[in-house]
Amino acid sequence: MRQISTKLLVFYQFFAVDWLFFWLGIIISGIFNLVVSLGGNFNYGKWLLGLIFGVISSSTIVYVIFGLKKVYEVKNEIIVSDFKKEIVIPFSNISHIDLPENSSLRRIKILLKEPCEFGNMIIFAPSLFEANDIANRLKSKIDTNYLSL
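Calculation criteria
- Residues numbered from 1 in each chain as written.
- Predicted model: local features only at pLDDT ≥ 70, side-chain atom pairs only at ≥ 80, totals over all residues.
- Heavy atoms only, no water.
- Helix = DSSP H or I, 4+ residues; strand = E, 2+ residues; numbered from the N terminus.
- Rg over C-alpha atoms; globule rule 2.2 N^0.38 Å.
- Buried < 20%, exposed > 50% of the residue type's maximum accessible area, 1.4 Å probe, protein only.
- Contact = heavy atoms within 4.5 Å.
- Axes fitted to C-alpha atoms, helices over the stretch in contact; angles between N-to-C directions.
- Parallel < 35°, antiparallel > 145°, perpendicular 65-115°, else oblique.
- Left-handed = near helix turned anticlockwise from the far one by under 90°.
- Polar contact = N/O pair within 3.5 Å; in protein donor to acceptor, adjacent residues only side chain to side chain.
- Pairing = 2+ DSSP bridges.
- Phe/Tyr/Trp six-rings, centres within 6.5 Å; stacked < 30°, edge-to-face > 60°.

J.: Describe the overall build of the protein chain, naming the residues involved and giving the relevant values.
T.: Check the secondary structure of the protein chain and you find 3 helices and 7 strands. A compact globule built from 149 residues would reach a C-alpha radius of gyration of about 15 Å, whereas the protein chain, at 20 Å, exceeds it by more than 25%. Principal axes of the C-alpha set define a box for the protein chain whose edges measure 65 × 30 × 30 Å. The buried share of the protein chain, reckoned over its 149 residues, is 36%. Of all intrachain contacts in the protein chain linking residues separated by at least 6 positions in sequence, the fraction that spans at least 24 positions is 56%.

In structure tokens:
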């Protein structure tokens, strides 16, 4: 059994939680300053701009990081975990594997023929410099009826 997802997944999720608490603290601090100043000396523009940036960046981080799974490759199957539950998916149930994204995480999407407990798509982040090799190796183990992108 070989882990093909990054070993930094726990760090990424810890960072995402820290990011959310940081922006929650900024929002609470802004609300506190608004109440204390009673609208007299409060800079609404900066606070609103910070609020918009915090919401957009936090939403993006939650979407990108919290959807990632821990993935292991075994002979004819992959084992997928979200740290609470672990399932086995045979390669015969995989319909398509995308090439890594051009993002910093190089996420790979695995599309399934039949949905599993995690849905019909598994997304994981491989080790940075192994992303293309992992995607190509997984693609070579599946039967696909359409072109890979």
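J.: Describe the packing of helix α1 (residues 9-37) against helix α2 (residues 44-65), with residues and values.
T.: Running from N to C, α1 and α2 cross one another at 160°; their axes reach a closest spacing of 10 Å. Considering their axes alone, α1 and α2 lie roughly antiparallel with respect to each other. In this structure, the crossing between α1 and α2 has a hand that is left-handed. The residues of α2 that touch α1, namely those facing Y12, Q13, F15, A16, W19, L20, W23, I26, I27, G30, I31 and L34, are Y44, W47, G50, L51, F53, G54, S57, S58, I61, V62 and I65.

J.: Describe the environment of N132, with residues and values.
T.: In this structure, N132 sits in helix α3 (residues 131-140). Relative accessible area serves as the criterion here: at 40%, N132 is assigned to the partly exposed category. Considered as a pair, N132 and E101 are 31 residues apart in the sequence and their alpha carbons are 9.8 Å apart. Look past the residues within four positions of N132 in its chain and what remains in contact with it is P100 and R106. Side-chain polar atoms of N132 contact the side chain of R106, separated by 3.3 Å.

J.: Please give an account of the sheet that holds strand β6 (residues 108-116) that cites residues and values.
T.: Pairing between sheet strands relies on hydrogen bonds along the backbone, with the strands arranged either parallel or antiparallel. In space, the 3 strands of this open sheet follow the order β5-β6-β7, with antiparallel pairing throughout. Looking at which strands have only one partner, the edges of the open sheet turn out to be β5 (94-97) and β7 (119-124). Neighbour-to-neighbour, the strand axes of this sheet turn through a mean angle of 20°, independent of strand direction. As paired elements, β6 and β7 share 5 bridges and run antiparallel to each other. Residue pairing across strands places K109 opposite I123, the latter belonging to β7. This element, α3, spans β5, β6 and β7 of the sheet and lies at about 30° to β6.

J.: Explain the packing of aromatic side chains residue by residue, including any values.
T.: In the structure shown here, the tally under the stated rule is 6 aromatic pairs. With a centroid separation of 5.9 Å and an interplanar angle of 40°, the aromatic rings of F15 and W19 are classed as tilted. With F15 and W19 both in helix α1, this residue pair falls 4 residues apart, about one helical turn. Here W19 falls in the partly exposed class, since its relative accessible area comes to 21%. Centroid distance W23 to F53: 5.5 Å. Interplanar angle 65°. Geometry classified as edge-to-face.

J.: Describe unusual backbone geometry, and please don't skip the residues or the numbers.
T.: With a phi angle near 75°, F83 is a residue other than glycine that sits in the positive phi range. Relative to the assigned elements, F83 resides in the loop between β3 (77-81) and β4 (86-90). Looking at F83, the relative accessible area reads 42%, which means it is partly exposed. Positioned with a positive phi, R106 is a non-glycine residue whose angle comes to about 55°. Mapped onto the secondary structure, R106 falls in the loop between β5 and β6.

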